[in-house]
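Okay, here's what each chain looks like letter by letter:
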Amino acid sequence: MRHLMSPLDLSVEELDKLLDLANDIEKNPDKYAHACDGKKLATCFYEPSTRTRLSFEAAMLNLGGSVLGFASADSSSASKGESVSDTIRVISCYADICAIRHPKEGAALVASQKSLIPVINAGDGGHQHPTQTLTDLLTIRTLKGRLSDITIGLCGDLKFGRTVHSLINALIRYKNVKFVLISPEELRVPDYIREDVLRANNVEFEEVERLEDAMSKLDVLYMTRVQKERFFNEEDYVRLKDYYVLTKEKMQLAKEDMLVLHPLPRVNEISVEVDDDPRAAYFKQAQYGVYVRMALILTLLGLAE
Ligand code: CP
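Keep in mind that this is a model prediction, so the values were computed, not measured.

### Topic: the environment of Y32
Logical step 1: The topology assignment puts Y32 in the loop between helix 1 (12-27) and strand 1 (40-45).
Logical step 2: We classify Y32 as buried; its relative accessible area is 6%.
Logical step 3: In the structure, Y32 is positioned 263 residues away from A295 in sequence and 9.8 Å away in space, judged by C-alpha atoms.
Logical step 4: What Y32 contacts, discounting residues up to four positions off in sequence, is L21, D24, I25, N62, L63 and L298.

### Digging into the site of the ligand
Logical step 1: Around the ligand sit S49, T50, R51, T52, R101, H129, Q132, P263 and L264, and that is every residue in its neighbourhood.
Logical step 2: Between the ligand and H129 there is a distance of 2.9 Å, counted from an oxygen atom to a side-chain nitrogen or oxygen.
Logical step 3: Backbone polar atom of L264 to a nitrogen atom of the ligand: 2.9 Å apart, as the coordinates give it.
Logical step 4: Computed on the free molecule, the ligand has an accessible area of 260 Å², of which 91% lies beneath the protein chains in the complex.
Logical step 5: Its residues placed into classes, the shell around the ligand shows two nonpolar, five polar and two charged.

### Some words on the nonpolar core
Logical step 1: Formed by 60 residues in total, the largest nonpolar core has its most connected members in I152, L154, I168, L171, F179 and L181.
Logical step 2: Among the elements that take part in this core, helix 11 (residues 282-300) stands out by supplying 10 residues, more than any other.

### Notes on the sheet that holds strand 8 (residues 220-223)
Logical step 1: Reading across from one edge, 7-6-5-8-9 is the order of the five strands in this open sheet, with parallel pairing throughout. Strands with a single pairing partner mark the edges of an open sheet, and in this sheet they are strand 7 (205-208) and strand 9 (259-261). On average, adjacent strands in this sheet sit at an angle of 20° to one another, irrespective of strand direction.
Logical step 2: Sheet topology note: the strand 6 (residues 177-182)/strand 7 ladder contains four bridges and is parallel.

What counts as what
- Residues numbered from 1 in each chain as written.
- Predicted model: local features only at pLDDT ≥ 70, side-chain atom pairs only at ≥ 80, totals over all residues.
- Heavy atoms only, no water.
- Helix = DSSP H or I, 4+ residues; strand = E, 2+ residues; numbered from the N terminus.
- Buried < 20%, exposed > 50% of the residue type's maximum accessible area, 1.4 Å probe, protein only.
- Contact = heavy atoms within 4.5 Å.
- Near = heavy atom within 4 Å.
- Polar contact = N/O pair within 3.5 Å; in protein donor to acceptor, adjacent residues only side chain to side chain.
- Areas by Shrake-Rupley, 256 points an atom, 1.4 Å probe, with all protein chains shown as cover.
- Nonpolar A, V, L, I, M, F, W, Y, C, P; charged D, E, K, R; others polar.
- Core = buried A, V, L, I, M, F, W, Y, C linked by side-chain atoms within 4.5 Å.
- Pairing = 2+ DSSP bridges.
- Axes fitted to C-alpha atoms, helices over the stretch in contact; angles between N-to-C directions.

So this is what it looks like as structure tokens:
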């Protein structure tokens, strides 16, 4: 039985196979419409979500399976004090596979250790968000045609943004990927990402504060929201929340084929006027999230060809 806690749980070969499967699902949805007949997905979300939970549910429904679960800790027995370990033992009696989101780092790992069914980490605190990373990789590979030989700018809250941490971990395994880390001083990537992931693997990266200084060299710009829910202090959040706003004017500094990605939800960091720019790919990215989650469910259930 396999779980998915981090994008590194999949080898590069397995990842390529999964992305190939997701591309095939996009092209031939009918072929997969009954692949999970009789199977059930549980979505256990202790933290708010729109995309991750609903795209997991859409993925299982598209495969012919069914879904059950809860969308907040308040509506589950966690509110009565039940542990994640006990909850997953019970969910194992009701479902064939489970996606879990929790505000505490490591909660999905704890669940996987007690689970009798495959567990997917759908976001654990400020730590990892591996299925967002699978979505990001599928989007980049499909729209740019490659995952190697790219310069990617990661902009915004690089400290608390778990999608950023997962994406860096995944992309360093490809050749000639350069990172431009764009953030205010207080929201720089955690030390372990800089030292243990980037420097330890001799990955080329630079840290800059001004988005304008980075734009012209980027093949992909990955914008992120300032993670209000992870701040201890409202004043700091208010001061930093609008630090970056991607506008039409700033887009003029970018390459003609630069992709703009964002895991969403967006707050103010991308002006709505950018949505009509053909380089804005964040809504397509949300669509790719369904195909890649379909591929992941099939893979973890041992139903992929
Ligand atoms: N990208 C993402 O995780 O969105 P949700 O929080 O809406 O699931």
